[in-house]
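Chain and residue survey
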Amino acid sequence: MARIIVVTSGKGGVGKTTTAAAFAMGLAERGSKTVVIDFDVGLRNLDLIMGCERRVVYDFVNVVNGEANVGQALIKDKRNPNLFILPASQTRDKEALTIEGVDTVLKELGREFEFIVCDSPAGIEKGATLAMYFADDAIVVTNPEVSSVRDSDRMIGILSSKSRRAEQGLEGIREYLLVSRYSPDRVQRGEMLALEDVREILSLELIGVIPESQAVLNASNAGVPVILDRESSAGQAYSDMVSRYLGDELPHRFLNVEKKGLLGRLFGG
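Before going into details, it helps to say that this report is about the structure given with it. The model shown is predicted, which means the values in this text are computed figures rather than measured ones.

So, how was this worked out
Residues numbered from 1 in each chain as written. Predicted model: local features only at pLDDT ≥ 70, side-chain atom pairs only at ≥ 80, totals over all residues. Heavy atoms only, no water. Helix = DSSP H or I, 4+ residues; strand = E, 2+ residues; numbered from the N terminus. Expected span 1.5 Å × (residues − 1). Buried < 20%, exposed > 50% of the residue type's maximum accessible area, 1.4 Å probe, protein only. 1 Å grid on protein atoms, 1.4 Å probe; cavity = no way out; pocket = protein on both sides within 12 Å on 5 of 7 lines; lining within 4 Å. Points joined across faces, edges and corners; volume = space filled by probe spheres on them. Core = buried A, V, L, I, M, F, W, Y, C linked by side-chain atoms within 4.5 Å. Contact = heavy atoms within 4.5 Å. Phe/Tyr/Trp six-rings, centres within 6.5 Å; stacked < 30°, edge-to-face > 60°. Lys NZ or Arg CZ within 6 Å of the ring centre and 35° of its normal.

With respect to helix H1 (residues 16-29)
Given 3.6 residues to a turn, an α-helix orients residues that are three or four positions apart in the same direction. Here H1 is 14 residues long and its end C-alpha atoms lie 20 Å apart, about the 20 Å a rise of 1.5 Å per residue gives. Burial within H1 is extensive, with 13 of its 14 residues counted as buried. Among the residues trailing H1, Gly 31 stands out with phi positive, at a value near 95°.

Some points on empty space enclosed by the protein
In this approach the atoms are scanned with a rolling probe the size of a water molecule, which exposes any empty space left behind. Applying the stated criterion to the full structure yields one cavity of 30 Å³ or more. In this structure, the largest cavity encloses a volume near 30 Å³. At the level of secondary structure, the elements contributing two or more residues to the lining of the largest cavity comprise strand E8 (205-211) and helix H12 (233-245). Broken down by element, the residue count for the lining of the largest cavity peaks at three residues, all from H12.

Considering the nonpolar core
With 52 residues, the main nonpolar core has Ile 37, Phe 39, Phe 60, Leu 97, Leu 109 and Ile 116 as its most contacted residues. If we skip the residues at most four places from it in the chain, Ile 116 touches Ala 2, Arg 3, Ile 4, Ile 5, Val 35, Ile 37, Leu 106, Leu 109 and Gly 110. Ranked by size, the runner-up nonpolar core spans 38 residues in total, among them Ala 20, Phe 23, Ala 28 and Leu 46.

A word on the packing of aromatic side chains
Applying the stated criterion to the full structure yields six aromatic pairs. Note on Phe 84 and Phe 113: the rings are 5.5 Å apart at their centroids and 70° apart in plane angle, and the pair reads as edge-to-face. Placement of the pair is Phe 84 in strand E4 (residues 83-86) and Phe 113 in the loop between helix H5 (99-110) and strand E5 (115-119), with a sequence separation of 29 residues. In terms of burial, Phe 84 and Phe 113 fall into one category: buried. Centre to centre, the rings of Tyr 176 and Tyr 245 are 5.9 Å apart; their planes meet at 70°, and the pair counts as edge-to-face. Residue Tyr 176 is located in strand E7 (residues 174-182), and its partner Tyr 245 is located in helix H12; the two are separated by 69 residues in the primary sequence. The residues Tyr 176 and Tyr 245 share a single accessibility class, namely buried. Three or more aromatic residues joined by ring pairs form one cluster here, namely Phe 23, Phe 115, Tyr 176 and Tyr 245. Its end group placed over the ring of Phe 113, Lys 33 keeps NZ or CZ at 5.3 Å from the ring centre.

Scope: geometric values only; no functional claims are made or implied.
Laid out in structure tokens, this is it:
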């Protein structure tokens, strides 16, 4: 049976879809058959970041409504044979998703895949609550700024009380914290929260810290999950995150201000 992981946050624009794409690719690279589903009906960004937008014929809502089967809607990633994408609809309303329909699709996917990664919309609207409802694990993505952390705290409450696991009295969802767009320089200048402050407020197991990096935008524009950029700090941090999820104990990197060399100190470079 597949493990269902939801990538969620309370606030938009924190890097959920970037994280879902990188995480799914990382799992696939480690040999696990993985599918990533876009729950953001009406917007649909996952296919752009995965670079498969021109290959979308059927989508998640088509499958939920019985207008296509799962095999017709799944898009096989060109770079990794273990990875598949189930895109969202751009033309339907979020109400098109039903709990019964999503359950049926997830059960069918669960017979074929080891991991199902759910790219959730921000907040608590229907697509988000459905993505969270079926989750076994949750990766809560937050930026190190007050409003993002506050909204993430609210999502944690929903995860612990409104999931299928909570309803059935099962072991709760395993919750992980991912801090994105972290800049030690800005922390030092007092422009964003320190990592210790974020961890103290949210009290979740820290699975990764993704540094602020131009590589994320470059990868998104190119339709390539940033984890494939092996040279970038963001790509390396996402790779570390996947390893931690799979049980490896790795120190967190990119947390401190880089020390300048002599020339840098002399000339401010």
